[in-house]
Amino acid sequence: MFSWASLPRPIFGVSPMADMTDMPFNLVCKAHGAPVIFKEMVSSEALFRKSEKTIRMTTNDDGERPVIQQIFGSDPVIMAKAAEFIVDRCHPDGIDINMGCPVYKIVSNFDGAALMKDPERAASIVREIKKAVQVPVSVKTRLGWSNDRDCLDFVRVLEDAGAELVTIHGRTKAQGYSGVANWERVGEAKCGVSIPVLVNGDIVSPETAKRALEISGADGVLIGRGVLGHPWIFSEIQAAMNGSEYVPPTLQDRIRIVRMHAELQVNHYGERGLIKLRKHLPYYFKGMAGWKDVRQELVHVSTLAELFEILNRLEKIADVSFSES
Ligand SMILES: Cc1cc2nc3c(=O)[nH]c(=O)nc-3n(C[C@H](O)[C@H](O)[C@H](O)COP(=O)(O)O)c2cc1C
């Protein structure tokens, strides 16, 4: 059985992103060196109701493993039943509890980041899920609701309740995505617990990964936005850690990756999966000379044939450079 102790340190993983870290994209990330995946969040209420759509979102391919299923909700009993159901049915390697999502629809139900304001309920959720499943239980949270020191006590509450790992996005709920992630505060939180802590927020390159680890002293990092259109970031980080040279993917390499992503998407969702793929596509070519024109075309594709026609045209461009923008 998977355990957090079995992963090499530092741990590098894909951060959960709703509508993004689904099976096809997770497989692309794994094929490019991602050591562990946190799958997009799903509603515990929907799992409790056995919603077919939600169950489909939690189906795993063995190529995604180790894969951690994130769930959200605020009723400890329903959260535990949902976790038990999904572990029995889809066998994720771990369950992660969302205690950081700042979106109104979520916090207005007392889910996600709202749990930081109710540590007792948060602890009860961890305890009930631990009783219900055998796989490791972790939590992903933020620095606090509006006070960036709340995490210092909150992570201790989570550890006492039995959480086996905590990921901290270095921003408060109030900050949303503004400002910069405070990796130092994540480090202060880490010092108060003995379970592994992952640092998250604004890690987009080997340099930022290294700095976030140095500043926080964390056991690893989760990468969210930095992995979109850039699933090879894990190989790039690994090369930097080994001191070996890394040759970034050429345009032709990127096209091959997009083809792979598109085919996996169609296998999983049927051709309507191309519509879902639209939001990923521009990221792969961001920074390329002439990117804005390509972007316009990519966000309108509906069929594999349309996409492949654009890619075939792009493939004929012999040499193209990518800027960081
Ligand atoms: C499109 C999108 C969807 C997200 N969905 C989730 C989610 O389902 N669960 C979660 O815990 N965090 C979610 N997040 C937050 C990310 O996992 C991550 O904590 C945040 O983006 C900061 O990390 P980054 O700077 O590496 O992106 C989402 C972020 C984005 C941009």
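Keep in mind it's a predicted model, so treat the numbers as computed, not measured.

Draft legend 1. Spatial organisation of the site of the ligand. Surrounding the ligand, one finds 21 residues, the nearest of these being Ser15, Met17, Met41, Gly224 and Arg225. Among the residues forming the shell around the ligand, the class breakdown is 8 nonpolar, 9 polar and 4 charged.

Draft legend 2. View of helix 8 (residues 183-191). Burial in helix 8 covers these residues: Trp183, Arg185, Val186, Gly187, Ala189 and Lys190. Buried residues in helix 8 make contact with strand 5 (137-144), helix 7 (150-161), strand 6 (165-172), strand 7 (197-200) and helix 9 (206-216).

Draft legend 3. The arrangement of the packing of helix 4 (residues 76-90) against helix 6 (residues 119-132) in detail. Running from amino to carboxyl end, helix 4 crosses helix 6 at an angle of 35°, the nearest separation of the two axes being 8 Å. Pair helix 4 / helix 6 crosses with right-handed handedness. Across the interface between the two elements, Pro76, Val77, Met79, Ala80, Ala83 and Glu84 of helix 4 pack against Ser124, Ile125, Glu128, Ile129, Lys131 and Ala132 of helix 6. Considered class by class, the residues forming the contact of helix 4 with helix 6 number 8 nonpolar, 1 polar and 3 charged.

Draft legend 4. Representation of the nonpolar core within the structure. The biggest cluster of nonpolar side chains holds 75 residues, and the ones touching the most others in it are Ile71, Ala83, Val126, Ile129, Leu158, Val199 and Val221. Dropping the residues within four chain positions of it, Ile129 is found in contact with Met79, Ala80, Ala83, Ile95, Ile97 and Val137. Membership of the second largest hydrophobic core comes to 14 residues, among which are Val258, Ala262, Val294 and Val301.

Draft legend 5. Just the domain arrangement of the chain, in detail. Along its sequence, the chain is carved into domain 1 (4-242) and domain 2 (251-315). Measuring from the centre of the C-alpha atoms in domain 1 to the corresponding centre in domain 2 gives 28 Å. With 8 residues of domain 1 in contact, the opposing surface of domain 2 contributes 10 residues. Here the residues of the side of domain 1 that touches domain 2 are counted per class, giving 7 nonpolar, 1 polar and no charged.

Draft legend 6. Here's a closer look at unusual backbone geometry. In this structure, Pro10 follows Arg9 across a cis peptide bond, with omega equal to -10°. With an omega of -5°, the peptide bond between Arg65 and Pro66 qualifies as cis. Mapped onto the fold, Pro66 is located in the loop between helix 3 (52-57) and strand 3 (67-72). With phi around 70°, Asp19 is a residue other than glycine that occupies positive phi space. For Asp19, the position within the fold is in the loop between strand 1 (11-14) and helix 1 (23-31).

Definitions and limits used
- Residues numbered from 1 in each chain as written.
- Predicted model: local features only at pLDDT ≥ 70, side-chain atom pairs only at ≥ 80, totals over all residues.
- Near = placed C-beta within 6 Å.
- Nonpolar A, V, L, I, M, F, W, Y, C, P; charged D, E, K, R; others polar.
- Buried ≥ 20, exposed ≤ 12 C-beta atoms within 10 Å, placed from the backbone.
- Helix = DSSP H or I, 4+ residues; strand = E, 2+ residues; numbered from the N terminus.
- Contact = placed C-beta atoms within 7 Å.
- Axes fitted to C-alpha atoms, helices over the stretch in contact; angles between N-to-C directions.
- Left-handed = near helix turned anticlockwise from the far one by under 90°.
- Core = buried A, V, L, I, M, F, W, Y, C linked by C-beta atoms within 7 Å.
- Domains from an automatic or database assignment.

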